[in-house]
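Structural overview for review
Residue-level listing of the chains:
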Amino acid sequence: MAKSGVRSEGNRPVVTAIREAIIRGEFVPNQRLIEADLSAQFQASRASVRAALLELTNEGLVERIQNRGARVRAVSLDEAVEISEVRMVLEGLCAAKAAAVVTDAEVEELQTIGANMRAAVAAGDLLGYSGLNQRLHLRVREISGQHTASRVLERLRAQSVRHQFRLAMHPGRPTVSLPEHLAIIDGVCAHDPDQAEQAARAHLRSVILALQEVDATGATMTPGGPR
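The sections below set out a description of the structure shown in this document. (Residues numbered from 1 in each chain as written. Predicted model: local features only at pLDDT ≥ 70, side-chain atom pairs only at ≥ 80, totals over all residues. Heavy atoms only, no water.)

1. Concerning the overall build of the chain
Helices and strands together make up the secondary structure of the chain, namely 10 helices and three strands. When its helices and strands are written in sequence order, the chain yields α-β-α-α-β-β-α-α-α-α-α-α-α. Expressed as a percentage of the 227 residues in the chain, the buried residues total 47%. Restricting to contacts in the chain with at least 6 residues of sequence separation, those with at least 24 account for 75%. (Helix = DSSP H or I, 4+ residues; strand = E, 2+ residues; numbered from the N terminus. Buried < 20%, exposed > 50% of the residue type's maximum accessible area, 1.4 Å probe, protein only. Contact = heavy atoms within 4.5 Å.)

See below:
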């Protein structure tokens, strides 16, 4: 287990550090999470690690195996599809609410994100596009003011992150997802809740189809990249 060099106590909760390590792919599905190792890696007490693993179990990122301790929970393709179906509803809701309340300054911000996404795809900058992708989804959720949906979406995103990594490596995926994201921006910026919601739902339907296609081709799972 690689040392992170990050001190969790007195800086940030150990649960956040372990969660982010799972999302980044530092801990892989079915990998055992040993309390003593995590305590040393994140310079946290065993009690803090134990509490963190319990919280992450409740979030669906970790599972407890009788007589074997904790491990990173593996999410099947079927479950990843179910998660995307729930996201489709919630992200549609957030997009609709964002369209209803978006300000002129926020319209300008979203349009700038869209322009930067176009430039990143044109330059083949997958990491840059990935960051902008995440930024767009986050800002739409924030603008919507739907805090409950935002919390649920963040948890669902973390659970399905490994499948998102596989999807990110699928050839040509950015050229498919870019116009979908731009359509979400257009709907929100036009103050059109129906258009924004339908664009968000269409994007998640595309994600579901792509997940199934990538699973069929057996694409390699590599951390990072856009959806």
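2. Notes on unusual backbone geometry
One non-glycine residue, Q43, adopts positive backbone phi at about 50°. Turning to its location among the elements, Q43 is positioned in the loop between α2 (35-41) and α3 (46-59). Since its relative accessible area comes to 36%, Q43 is described here as partly exposed. The backbone phi angle of H191 is positive, close to 55°, even though this residue is not glycine. In this structure, H191 sits in the loop between α9 (173-189) and α10 (193-217). A relative accessible area of 41% means that H191 is categorised as partly exposed.

3. Let's talk about helix α7 (residues 147-159)
With 13 residues, α7 ought to run about 18 Å at 1.5 Å a step, and its terminal C-alpha atoms sit 19 Å apart, in line with that. Three or more residues of α7 are buried, namely A149, S150, L153, L156, R157, A158 and Q159. The opening residue of α7 is Q146, an N-cap whose side-chain oxygen sits 3.3 Å from the backbone nitrogen of T148. (Expected span 1.5 Å × (residues − 1). Polar contact = N/O pair within 3.5 Å; in protein donor to acceptor, adjacent residues only side chain to side chain.)

4. Comments concerning the pattern of salt bridges
Counted under the stated rule, the structure contains 13 salt bridges. For E59, the salt bridge identified is with R19, shortest N-O distance 2.7 Å. Placement of the pair is E59 in helix α3 and R19 in helix α1 (residues 14-24), with a sequence separation of 40 residues. Per residue, the accessibility class of E59 equals that of R19, and both read buried. A cluster of three or more residues bridged by salt bridges with shared partners is formed by E109, R135, R139 and E142. (Salt bridge = Lys/Arg side-chain N within 4 Å of Asp/Glu carboxyl O.)

5. Section: the sheet that holds strand β3 (residues 69-72)
With respect to topology, three strands assemble into an open sheet ordered β1-β3-β2, the strand pairing being antiparallel. Since the sheet does not close on itself, it has two edges, and those belong to β1 (32-33) and β2 (62-65), each with one partner. In this sheet, β3 lies alongside β2 in antiparallel orientation, the contact comprising four bridges. Bridging from a neighbouring strand, R64 pairs with A70 of β3. Along the sheet, α3 makes contact with β1, β2 and β3, crossing β2 at roughly 110°. (Pairing = 2+ DSSP bridges. Axes fitted to C-alpha atoms, helices over the stretch in contact; angles between N-to-C directions.)

6. Thoughts on the environment of I34
For I34, the position within the fold is in the loop between β1 and α2. I34 gets classed as partly exposed once you look at its relative accessible area, which sits at 36%. For the pair I34 and R50, spaced 16 residues apart in sequence, the C-alpha to C-alpha distance is 9.6 Å.

7. A closer look at the side chain of E180
Relative to the helices and strands, E180 is located in helix α9. By relative accessible area, which is 16% here, E180 ends up buried.

8. Notes on the packing of helix α6 (residues 126-144) against α9
With their axes 12 Å apart at the nearest point, α6 and α9 run at an angle of 30° to one another. With respect to α9, the element α6 is oriented roughly parallel. As for the relative orientation of α6 and α9, their crossing is left-handed in sense. For the pair α6 and α9, the contacting residues are L126, Y129, N133, L136, H137 and V140 in the first and P174, S177, L178, H181, I184 and I185 in the second. Partitioned by chemical class, the residues of the contact of α6 with α9 number eight nonpolar, four polar and no charged. (Parallel < 35°, antiparallel > 145°, perpendicular 65-115°, else oblique. Left-handed = near helix turned anticlockwise from the far one by under 90°. Nonpolar A, V, L, I, M, F, W, Y, C, P; charged D, E, K, R; others polar.)

9. Structural notes on the packing of helix α5 (residues 104-123) against α6
Packed helices, taken two at a time, are described by the angle their axes make and the gap between the axes. Two numbers describe how α5 lies on α6: the axes approach to 9 Å, and their chain directions differ by 160°. With respect to α6, the element α5 is oriented roughly antiparallel. Every pair of crossing elements has a handedness; the one defined by α5 and α6 is left-handed. Facing α5, whose interface residues are E106, E109, L110, I113, N116, M117, A120 and V121, α6 presents G128, Y129, L132, N133, R135, L136, R139 and I143. By residue class, the composition of the contact of α5 with α6 is nine nonpolar, three polar and four charged.

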